[in-house]
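Topology and contacts: notes
These are the residues of each chain, in order.
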Amino acid sequence: MKKIYTCIICPRSCELEADILPDGQVSVSGNGCPRGAEWIRNELSDPKRTIASSVLVEGGEKEIVSVRLSSPVPLRMIFPIMDEIRKVSVTAPVSIGDIIIRDVLSSGADVIATSSVLAKKE
Amino acid sequence: MENRGIVVIGAGPTGLAAAVKLRRLGAEDVLVIERENETGGILRQCIHDGFGLERFGKSISGPEYAALLKSEAEELDIECLTGTSVLEISKDRTITAASPSGVVEIHAEAIIAAAGCRERSRGSIMIPGERPAGVYTAGTAQAYMNLYNRMPGRNAVILGSGDIGLIMARRLTLEGAKVSAVFELQDHPNGLERNIVQCLDDYSIPLYLSHTVTEIHGKDRIEGVTVSAVDGNLKPIEGTEKYYPCDTLILSVGLIPDNTILENAGVEIDPVTNGAVVDEHLMTSVPGIFSAGNMLHVHDLADFASAEAEAAAENAFLYASGKLDTGRNLSVVPGEGVSHTVPGRITGHGPFTVSLRVRKKERGKTVEVRQGGKILGYRFFPLVIPSQMISVDAEAAAGCENVEVIVR
Ligand SMILES: Cc1cc2nc3c(=O)[nH]c(=O)nc-3n(C[C@H](O)[C@H](O)[C@H](O)COP(=O)(O)OP(=O)(O)OC[C@H]3O[C@@H](n4cnc5c(N)ncnc54)[C@H](O)[C@@H]3O)c2cc1C
Ligand code: SF4
């Protein structure tokens, strides 16, 4: 199976053609340098991504606080991590950068707050 | 009426960066006017990351980028009137605004207009059929989810492959909704390649190019859409209709600057970008009124909007000190392969930078800035794409011939 990608590693933006062979090996052509081939092999075998979502806040001026992963995790872990994010809630105040879930599912990434929510005034 | 120094309209990444720069240059009286109760602009709802690589050297989310800019502004004691909406600007730079304490009038030595842009909506693309609930622009759906914790629906179809639509396709999927497909009228995607891969391919959401929604079904709430393939002239092809059930239709059909307030001030507007026609100092046709960011032309990256804001700030500062070089008037015209340029005019005598968008995706192209037979500047691009704004530095123009920008 052949697939075309635009390399995102450097501005040369080479058009890479990846051929996934029946034995699972990947042959790459069109890359201007070895980094392109390495990138596409990772992309095809175990791509890494970050995601953003939001978490419920109790007693805050807002209902939710935005969160993201502190570093990329394997794509296959995204849905399990979303389940963890959905399970938690936090109590205001929340500050930007607060760790909401440390080392979520042992992925090495933390779920961190990307905005602040003050406590609701009585 | 109050007399003020330099007034910035809008406190998004453009307005805040402009105000910060003005203060750092030594401007004493800087006032920012913002319609919302909070600063940050559109960034507040863009919770995904991918912002800040240029300005802050790291990839962060929109709210974090806004917070960093806000703390820079606070450190410099910049005055910001929030909850205050600019209603009108006059030719002599008098601003009329509605504030929580009533209508205020402020005369400014210089104005930087950075009020962002709005989304094209259903009205601007004209889909026949019913007008049921459940049809949203991508930005509205994004605000619902990210600011107010409201799910727009459970089963969505997205029309248009703009970045906001792509980002929303992923966000909806992650939150448990189904996104059946994304349809794009043009034969090429509108959003960044990175977003196609990371928001659609990753979640196996199909993207159909050269397709459009030709009918919306449902009475109170949308129940489905009819989609057709289109021909080379973007006309629906009969017999290709297909029905997709959905409870939500998200429109991501582009952003467009809203320049009513500048237009009323007598500022000349570029019909292609719908932004002001500016010179290389980012000054509009009305002396002392500058424009930058998404209000001038739609930017892909907040970092570039902030960088443009700094250039506008430098020039507004020069203008307020009576030192801006504006002795002449040459036009900058988009030539072969170029859809629009900023600036549209040259009024000074120094080197300048041209930002532009190309008409089509091509490999191995050089963008040239020319005047008569002379090349004022050029830059080689391995790949040019309409969805990516690019820029070229040029040396000073001479004489009075117009400047042309071409792709070759
Ligand atoms: C969904 C989406 C995803 C994006 N993704 C990325 C990304 O991954 N990386 C990246 O770098 N960039 C991204 N961008 C682009 C970036 O967000 C914009 O380029 C940038 O926000 C433009 O800033 P601005 O200050 O010009 O406009 P805005 O952020 O829109 O700010 C304009 C401000 O002006 C105020 N205003 C409007 N009218 C008035 C008035 N009459 N009186 C007073 N105030 C007024 C508004 O309330 C607002 O606060 C994205 C944009 C969107 C919409
Ligand atoms: S393959 Fe190498 S040269 Fe080509 S874009 Fe990727 S990193 Fe750059």
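Since this is a predicted model, take the numbers as computed values, not measurements.

A few points about the domain arrangement of chain A
- Under the domain assignment, chain A is made up of domain 1 (2-45) and domain 2 (52-113).
- Each of domain 1 of chain A and domain 2 of chain A was reduced to a C-alpha centroid, and the two centroids are 32 Å apart.

Description of the site of ligand 2
- Close to ligand 2 lie Cys7, Ile9, Cys10, Arg12, Ser13, Cys14, Asn31, Gly32, Cys33, Arg35 and Gly36 of chain A.
- Looking at the shell around ligand 2 residue by residue, the classes come out as five nonpolar, four polar and two charged.

Quick look at the domain arrangement of chain B
Residues and elements named next belong to chain B.
- One can read the domain layout of chain B as domain 1 (1-119 + 254-326), domain 2 (121-253) and domain 3 (327-408).
- Look at where the C-alpha atoms of domain 1 and domain 2 centre, and you get two points 31 Å apart.
- In this complex, domain 1 contributes nine residues to the contact, which on the side of domain 2 involves 17 residues.
- Counting the surface lost from both domain 1 and domain 2, the interface buries some 1100 Å², and carbon and sulfur atoms represent 51% of this.
- Taken together, the links from domain 1 to domain 2 amount to zero salt bridges.
- For the side of domain 1 that touches domain 2, the per-class residue count stands at three nonpolar, four polar and two charged.

Overview of the sheet that holds strand β10 (residues 111-113) of chain A
Residue and element names in this part refer to chain A.
- Read across the sheet, five strands follow the order β8-β5-β6-β10-β9 without closing on themselves; strand pairing throughout is mixed. Edge strands, defined here as strands with exactly one partner in the open sheet, are β8 (89-91) and β9 (99-101). Each strand axis lies, on average, 45° off the axis of its neighbour in the sheet, ignoring direction.
- Note that strand β5 (residues 52-58) and strand β6 (residues 64-69) share five bridges and pair antiparallel.

Structural notes on the packing of aromatic side chains
- Here the structure, examined in full by the defined rule, presents six aromatic pairs over all chains.
- Pairing Phe56 of chain B with Tyr65 of chain B gives two aromatic rings, centres 5.1 Å apart and planes at 80°, and the pair type is edge-to-face.

Observations regarding the interface of chain B and chain A
- The interface is formed by 31 residues belonging to chain B together with 27 residues belonging to chain A.
- Interface of chain B and chain A: buried area, both sides summed, is about 2300 Å²; carbon and sulfur atoms make up 50% of it.
- Linking chain B to chain A there are six salt bridges.
- Glu38 of chain B is the partner of Lys62 of chain A in a salt bridge, and the nearest nitrogen-oxygen pair spans 3.2 Å.
- At the junction of chain B and chain A, the tally comes to 12 residue pairs in polar contact (both at pLDDT 80 or more).
- Of all the secondary structure elements, the ones that give two or more residues to the side of chain B that touches chain A are β4 (60-61), α2 (62-75), α4 (138-148), α5 (163-174), α6 (193-200) and β25 (374-384) of chain B.
- Along the lines of polarity and charge, the residues of the side of chain B that touches chain A split into 12 nonpolar, eight polar and 11 charged.

Considering the site of ligand 1
Residues and elements named next belong to chain B.
- Lining the immediate surroundings of ligand 1 are 32 residues, of which Thr14, Glu34, Val86, Asn294 and Ala302 lie closest.
- A distance of 3.1 Å is found between a nitrogen atom of ligand 1 and a backbone nitrogen or oxygen belonging to Arg35.
- The backbone of Gly50 places a nitrogen or oxygen atom 3.0 Å from a nitrogen atom of ligand 1.
- Here ligand 1, which alone exposes 1000 Å², has 93% of that area covered by the protein.
- For the shell around ligand 1, the elements supplying multiple residues, two or more each, are α1 (13-25), β3 (49-51), β6 (85-89) and α8 (302-320).
- Its residues assigned to classes, the shell around ligand 1 comprises 13 nonpolar, 13 polar and six charged.

What to know about the pairing of strand β20 (residues 330-334) of chain B
Residues and elements named next belong to chain B.
- Relative to strand β22 (residues 345-346), β20 runs antiparallel, the two being bridged by two bridges. By the bridge assignment, Leu330 is partnered in β22 with Ile346.
- In this structure, β20 lies alongside strand β27 (residues 403-407), joined through three bridges in parallel fashion. Of the residues in β27, the one forming a bridge with Val332 is Val403.

Things to note about the sheet that holds strand β26 (residues 390-394) of chain B
Residues and elements named next belong to chain B.
- Reading across the sheet, the three strands line up as β21-β23-β26 and stay open at both edges, with antiparallel pairing between neighbours. Either end of the sheet is taken by a strand with one partner, and the two such strands are β21 (338-342) and β26. Each strand of the sheet is rotated relative to its neighbour by a mean of 30°, with strand direction disregarded.
- Summarising the sheet, β21 and strand β23 (residues 352-358) pair through four bridges and their orientation is antiparallel. From the neighbouring strand, Thr341 faces β23, where its bridge partner is Leu356.

What counts and how
- Residues numbered from 1 in each chain as written.
- Chains lettered and ligands numbered in written order.
- Predicted model: local features only at pLDDT ≥ 70, side-chain atom pairs only at ≥ 80, totals over all residues.
- Heavy atoms only, no water.
- Domains from an automatic or database assignment.
- Near = heavy atom within 4 Å.
- Nonpolar A, V, L, I, M, F, W, Y, C, P; charged D, E, K, R; others polar.
- Contact = heavy atoms within 4.5 Å.
- Buried area = accessible area lost by both parts, 1.4 Å probe.
- Salt bridge = Lys/Arg side-chain N within 4 Å of Asp/Glu carboxyl O.
- Pairing = 2+ DSSP bridges.
- Helix = DSSP H or I, 4+ residues; strand = E, 2+ residues; numbered from the N terminus.
- Axes fitted to C-alpha atoms, helices over the stretch in contact; angles between N-to-C directions.
- Phe/Tyr/Trp six-rings, centres within 6.5 Å; stacked < 30°, edge-to-face > 60°.
- Polar contact = N/O pair within 3.5 Å; in protein donor to acceptor, adjacent residues only side chain to side chain.
- Areas by Shrake-Rupley, 256 points an atom, 1.4 Å probe, with all protein chains shown as cover.

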